[in-house]
Amino acid sequence: MISFLASRCSLSASIASTSVAGPLIRKSASTQASSFSSVSLSLSPPAFLDDESLSIARCFSSSSEQLSASSWISPIQYSKTLKRLDPPPEATTSLQETPRKQKFISHELAVNMIIREKDPQRALETFNKVSAQKGFCHNNATYSAILHQLAQCKKFSAVDAVIRQMKYEPCKFHEAVFLSLMKHFAKSSLHHKVIEMFNAIHHLVRVKPSRKAISTCLNILVESDQMGLAEEFLLKCRKRLHLEPNTCIFNILVKHHCKNGDLESAFQVVEEMKKFEISYPNLVTYSTLMSGLCENGRLKEAVDLFEEMIAKEHILPDALTYNTLINGFCQAGKIDRAQKILGFMRDKGCAPNIFTYATLMSGLCKEGKIKEAEGLLDEMRSSGLKPDKVVFTTLISYFCQAQRVDEAVQFLQKMRQEGCKPDVVTFNVIIGGLCREGILDEALRMLEMLPYEGIFLNKSSYRITLNFLCKYNEIEKAFRLLGLMLVRGFTPHFATSNQLLLQLCEAGRPADACIALEGLLDVGFNPEPSSWVLLIETVCRERKLLPAFELLDHLTLGKP
């Protein structure tokens with residue numbers, strides 16, 4: 001009994017010591033249990049245990065003594081020493097990954113993909129790829145997109161193949177698809193294909209072609225000067241489609257005759273138009289006739305026709321009709337009459353537009369009346385119209401031609417301040433004015449710096465400056481400008497290139513002449529025989545025979 005009480009006291013002391021060390025081992029509950037059992041099992045067994053219990057206790061006691069005899073191990077380290085359970089064996093049959101479901105491409109997305117594709121072959125592959133989707137059928141929009149891309153790249157055999165496929169499609173097509181194709185074929189002078197596209201409307205759209213389709217086809221043929229095909233086309237339309245030509249169709253013929261200067265035939269067409277109500281002449285008809293009369297200098301007849309249109313036909317003119325007469329009088333140098341028409345236009349309540357002011361300002365500048373032109377510019381602003389680049393370029397061109405380039409540059413600055421962005425035509429006028437006045441350094445500066453400002457010039461910009469540099473015998477500047485041109489992909493005039501080579505040879509600079517020739521040969525330039533002779537002679541005088549032989553090889557054998 002005394003030993004049992006002693007063991008209980010020792011156990012209490014052990015529990016107390018364990019509770020003191022509790023904060024150290026609170027992180028692992030299993031570690032606390034192991035420490036507690038090791039302490040309690042190291043005590044002597046109580047007297048009331050039987051022999052079997054004592055043998056079991058001794059077994060546990062011997063294992064506990066071995067553990068307690070070792071040095072103290074922290075709970076963290078102890079937990080690491082515990083044997084970890086082996087992970088469960090992997091399954092012998094691994095699950096196969098299911099492929100991710102592809103996104104369904106809608107008609108709208110397919111159209112965008114086809115339009116964005118610049119390569120026609122890849123666009124056709126996209127067109128075929130989306131059709132392979134389950135439940136997808138092409139419609140008018142997708143066919144229109146692929147046909148436009150193929151025709152734009154002149155892949156007309158592919159266009160024919162796609163059109164043959166359209167015959168088996170259940171969707172409904174619109175004639176606008178074929179009207180667009182007509183214009184593409186006309187640009188490539190395939191006029192028989194234009195008529196084929198018109199005939200395809202009946203077979204694929206499955207409706208009778210509209211008057212718009214007839215007018216579009218006829219206008220394309222007339223604009224292409226295919227009058228034989230146009231006449232044959234009209235006869236077939238009248239026979240097969242029971243077409244009665246309307247005013248729009250007749251206006252196409254009137255425009256054609258006026259464009260070719262055959263005004264008598266144009267007036268005969270107008271007389272034929274007056275026989276039917278469906279084709280009676282309208283404002284477009286009379287405006288076209290007046291434009292033809294003005295272009296041929298028959299201004300009095302144009303005014304008489306204008307008065308007849310108002311008095312007899314009771315057709316009120318619009319701004320386009322007034323502009324036709326104003327432009328005719330300005331071209332003839334009769335500015336006073338043009339100004340009177342402008343006053344009449346205002347009195348009748350027809351507001352002038354930008355084209356009206358630009359035309360009259362151009363006429364005033366030709367007559368040297370710059371003050372009146374500037375007055376029209378102020379009047380335009382007061383009427384709420386914002387001057388465009390055509391108006392500003394008209395005034396800038398006058399200042400440059402009058403050798404007042406400083407004022408032209410001032411107008412260029414005003415143009416930018418008013419938010420009107422000048423284009424390449426405006427800068428070419430300025431560059432030409434600077435060169436004519438001998439301000440070549442400023443012209444060269446503009447050529448070099450403008451592309452960095454987002455203003456991309458054309459070959460005329462560089463050619464103008466190079467021509468004047470050669471004219472003023474500025475050989476060094478011309479040589480450097482030629483290098484800049486070739487780097488930026490522009491080629492000079494044939495005559496200017498020969499002149500520059502001759503000037504370099506005459507100045508005793510055969511090395512620069514050879515460099516310039518090499519750059520020009522790379523872009524397909526072939527100098528005149530006189531330039532070759534002078535260049536070879538100059539090289540030989542410098543005792544440089546190898547370059548001379550190379551030049552001769554290129555001249556005789558065509559080797560680079």
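Residues numbered from 1 in each chain as written. Predicted model: local features only at pLDDT ≥ 70, side-chain atom pairs only at ≥ 80, totals over all residues. Heavy atoms only, no water.

Engineer: Quick question: what am I supposed to make of the overall build of the chain here?
Structural biologist: On a plain count of helices and strands, the chain comes out with 31 helices and 0 strands. A total of 560 residues make up the chain; the buried ones form 41% of that total. Looking at the chain alone, contacts between residues at least 24 apart form 59% of all its contacts between residues at least 6 apart. Approximately 33200 Å² of the chain is accessible, and the part contributed by carbon and sulfur atoms is 55%. (Helix = DSSP H or I, 4+ residues; strand = E, 2+ residues; numbered from the N terminus. Buried < 20%, exposed > 50% of the residue type's maximum accessible area, 1.4 Å probe, protein only. Contact = heavy atoms within 4.5 Å. Areas by Shrake-Rupley, 256 points an atom, 1.4 Å probe, with all protein chains shown as cover.)

Engineer: Whenever I open this one, the confidence of the model for the chain confuses me. Can you help?
Structural biologist: Low-confidence regions, as indicated by low pLDDT, have predicted coordinates that should not be scrutinised in detail. Taken residue by residue, the chain gives an average pLDDT of 81. The fraction at 70 or more is 78%. Across residues 1–85, confidence stays below pLDDT 50; counting only partners more than four residues off in sequence or on other chains, it has 25 contacts. Low confidence marks residues 91–95, where pLDDT is under 50. Its contacts with residues over four positions away, or in another chain, come to 0 contacts. (pLDDT = per-residue confidence, 0-100.)

Engineer: So what exactly am I meant to see when it comes to the packing of aromatic side chains here?
Structural biologist: The description of an aromatic ring pair rests on the distance of the ring centres and on the angle between the ring planes. Taken as a whole and judged by the stated rule, the model has 13 aromatic pairs. By way of ring pairs, the aromatic residues F127, Y143 and F173 are connected into one cluster. It is K414 that lies over the ring of F411; its NZ or CZ is 4.9 Å from the centre. Between R509 and the ring centre of F479, over which it is positioned, the NZ or CZ distance is 5.9 Å. (Phe/Tyr/Trp six-rings, centres within 6.5 Å; stacked < 30°, edge-to-face > 60°. Lys NZ or Arg CZ within 6 Å of the ring centre and 35° of its normal.)

Engineer: It is not clear to me how helix α21 (residues 370–382) should be interpreted in this structure. Could you clarify?
Structural biologist: End to end, α21 covers 19 Å across 13 residues, agreeing with the expected 18 Å (1.5 Å per residue, within 8%). In the segment just after α21, G384 is the residue with positive phi, at about 95°. (Expected span 1.5 Å × (residues − 1).)

Engineer: Would you take a moment to explain the nonpolar core for this structure?
Structural biologist: Buried together is how nonpolar side chains tend to be arranged in soluble globular proteins. Counting residues in each nonpolar core, the largest one holds 143 residues, and the members touching the most others are L147, F178, L181, M182, F198 and I396. If one sorts the elements of this core by residue count, helix α11 (residues 191–205) sits on top with 8 residues. In contact with L181, not counting residues within four places along its chain, are L147, A151, V159, I163 and M197. (Core = buried A, V, L, I, M, F, W, Y, C linked by side-chain atoms within 4.5 Å.)

Engineer: Would you explain helix α10 (residues 176–187) in this entry?
Structural biologist: Residues spaced three or four apart along an α-helix point in a common direction, a consequence of the helix completing one turn every 3.6 residues. Taking 1.5 Å as the rise per residue, α10 with 12 residues should run 16 Å; its terminal C-alpha atoms sit 17 Å apart, in good agreement. What α10 keeps buried is the set V177, F178, L179, L181, M182, H184, F185 and A186. At its buried positions, α10 is contacted by α8 (140–152), α9 (156–166), α11 and α12 (211–223). One or two residues past the end of α10 sits S189, with phi positive at roughly 60°.

Engineer: Explanation requested: the packing of helix α18 (residues 319–331) against helix α20 (residues 354–366) in the structure shown.
Structural biologist: Closest axis-to-axis distance for the α18/α20 pair is 9 Å, and the angle between their directions is 10°. Taken together, the axes of α18 and α20 are roughly parallel relative to one another. Taking contact as the criterion, the partners of N323, I326, N327, C330 and Q331 in α18 are, on α20, F355, T356, T359, L360, G363 and K366. Per-class residue counts for the contact of α18 with α20 are 4 nonpolar, 6 polar and 1 charged. (Axes fitted to C-alpha atoms, helices over the stretch in contact; angles between N-to-C directions. Parallel < 35°, antiparallel > 145°, perpendicular 65-115°, else oblique. Nonpolar A, V, L, I, M, F, W, Y, C, P; charged D, E, K, R; others polar.)

Engineer: I keep staring at the packing of helix α6 (residues 107–116) against α8 and nothing clicks. Help me out?
Structural biologist: Angle between the axes and distance between the axes are the two parameters that describe a pair of packed helices. Axis separation between α6 and α8 bottoms out at 9 Å; the angle between their running directions is 5°. One way to sum up the angle between α6 and α8 is to call them roughly parallel. Contact with α6, carried on its side by H107, A110, V111, I114 and I115, involves A141, T142, A145, I146 and Q149 of α8 and no other residues of that element.

Engineer: Looking at this structure, how should I read the pattern of salt bridges?
Structural biologist: Pairing between side chains becomes possible if they bear opposite charge and their charged atoms approach one another. Following the criterion strictly, the structure yields 21 salt bridges and no others. Between R404 and E407 there is a salt bridge, with the nearest N and O atoms lying 2.7 Å from each other. Since its relative accessible area comes to 28%, R404 is described here as partly exposed. Exposure remark for E407: the relative accessible area of 28% places this residue in the partly exposed category. A salt bridge links R445 to E442; the shortest N-O distance between them is 2.9 Å. Here the residue R445 and the residue E442 both occupy positions in helix α25 (residues 440–449), the gap between them amounting to 3 residues, near one helical turn. (Salt bridge = Lys/Arg side-chain N within 4 Å of Asp/Glu carboxyl O.)

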